[in-house]
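Okay, here's what each chain looks like letter by letter:
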Amino acid sequence: MNFVQSISEEDEQCSRKKNRDFVHVLLIKNKTFVTVTDARGNKKTGASAGCLEERKGRSRLSRYAAEATAEHVGRSARKMGLKSVVMKVKGSTYFRKKNKVILSWREGFRGEGVGDQSPIMYIHDVTQLPHNGCRLPKKRRVQIVPTIF
């Protein structure tokens, strides 16, 4: 029984050390989702470009809408009192768009305190990349028959 207690005590110590929150950023061609979760994966807050009131129609698809969404979620995360986060960015978009979204989340989190330390512990790009892809289908063999006119 002591063994089980020691394991549970170690788990509690590890959970206290790893009490970080995660910011999941999903960038798709036409959509942007930013979600803040705890270490277990429970959603704390999140938003997409559709929940912004000042953006309507096609302007939701732009890079600026992605930045505004990230800034909105950063502000709500600051109100919740988060200290340190790990960013997980997913999406096969340009690096410039990913960079802008990360910076705008940080700006929204900081607010007016420019001298504050950044809450982002590290950034992890979890975009799925094929190592070699699927095997191509066999090439079609078509015989060319000469036609005489």
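Above: the structure in question.
On a predicted model such as this, the values are computed, not experimentally measured, just so you know.

Draft legend 1. Examining the sheet that holds strand β5 (residues 120-125) more closely. Sheet architecture is open: 5 strands sit in the order β3-β2-β1-β4-β5, paired in mixed fashion. Only two strands of the sheet have a single partner each, and these edge strands are β3 (43-48) and β5. Neighbouring strand axes in the sheet, compared pairwise and without regard to direction, differ in orientation by 15° on average. Of the strand pairs in this sheet, strand β2 (residues 32-37) and β3 are connected by 5 bridges, and their pairing is antiparallel. What sits directly across from Thr-35, in β3, is Gly-46. Here helix α2 (residues 63-80) sits on the sheet in contact with β2 and β3, set at roughly 155° to β3.

Draft legend 2. Representation of α2 in the model. In this model, α2 (18 residues) spans 26 Å end to end at C-alpha, consistent with the 26 Å of a helix rising 1.5 Å per residue. Every buried residue of α2 is accounted for by Ala-65, Ala-66, Glu-67, Ala-68, Thr-69, Ala-70, Val-73, Gly-74, Ser-76 and Ala-77. For α2, the elements touching its buried residues are β2, β3 and α3 (95-110). Looking one or two places after α2, you find Gly-81, whose phi comes out positive at around 90°.

Draft legend 3. Structural context of a nonpolar patch on the surface. On the surface, a cluster of nonpolar side chains totalling about 220 Å² of accessible area is made up of Leu-26, Ile-28 and Phe-33. As for its placement among the helices and strands, Phe-33 is situated in strand β2. Judged by its relative accessible area of 34%, Phe-33 falls in the partly exposed class.

Draft legend 4. The arrangement of the side chain of Thr-32 in detail. Mapped onto the secondary structure, Thr-32 falls in strand β2. Each residue touching Thr-32, except ones within four places of it in the same chain, is listed here: Leu-26, Leu-27, Ala-47, Ser-48, Ala-49 and Ala-66.

Draft legend 5. Looking closely at the packing of aromatic side chains. Per the counting criterion, the structure on display carries 1 aromatic pair. Ring geometry for Trp-105 against Phe-109: centres 5.3 Å apart, planes inclined by 15°, an arrangement best described as stacked. Of the two residues, Trp-105 and Phe-109 both sit in helix α3, 4 residues apart, roughly one turn of that helix. A relative accessible area of 0% places Trp-105 in the buried class. The exposure class of Phe-109 is buried, given its relative accessible area of 10%.

Draft legend 6. Molecular detail of the environment of Val-25. If you trace the backbone, Val-25 turns up in strand β1 (residues 21-27). Once the C-alpha coordinates of Val-25 and Val-126 are considered, the two residues, 101 residues apart in sequence, prove to be 9.8 Å apart. Apart from residues lying up to four places away in sequence, Val-25 is in contact with Phe-33, Val-34, Met-87, Lys-88, Val-89, Lys-90 and Val-101.

Draft legend 7. Quick look at the side chain of Lys-97. By secondary structure assignment, the location of Lys-97 is in helix α3. We note that Lys-97 is buried and unpaired, the nearest opposite charge coming from Glu-67 at a distance of 9.2 Å. Aside from chain neighbours lying at most four places away, what touches Lys-97 is Leu-27, Ile-28, Lys-29, Arg-63 and Ala-66.

Definitions and cut-offs
- Residues numbered from 1 in each chain as written.
- Predicted model: local features only at pLDDT ≥ 70, side-chain atom pairs only at ≥ 80, totals over all residues.
- Heavy atoms only, no water.
- Pairing = 2+ DSSP bridges.
- Helix = DSSP H or I, 4+ residues; strand = E, 2+ residues; numbered from the N terminus.
- Axes fitted to C-alpha atoms, helices over the stretch in contact; angles between N-to-C directions.
- Contact = heavy atoms within 4.5 Å.
- Expected span 1.5 Å × (residues − 1).
- Buried < 20%, exposed > 50% of the residue type's maximum accessible area, 1.4 Å probe, protein only.
- Patch = residues over 30% accessible without salt bridge, like charges linked within 9 Å, V, L, I, M, F, W, Y side chains within 5 Å.
- Areas by Shrake-Rupley, 256 points an atom, 1.4 Å probe, with all protein chains shown as cover.
- Salt bridge = Lys/Arg side-chain N within 4 Å of Asp/Glu carboxyl O.
- Phe/Tyr/Trp six-rings, centres within 6.5 Å; stacked < 30°, edge-to-face > 60°.
- Lys, Arg positive; Asp, Glu negative; His and termini not counted.

Geometric values such as these leave the question of function open.
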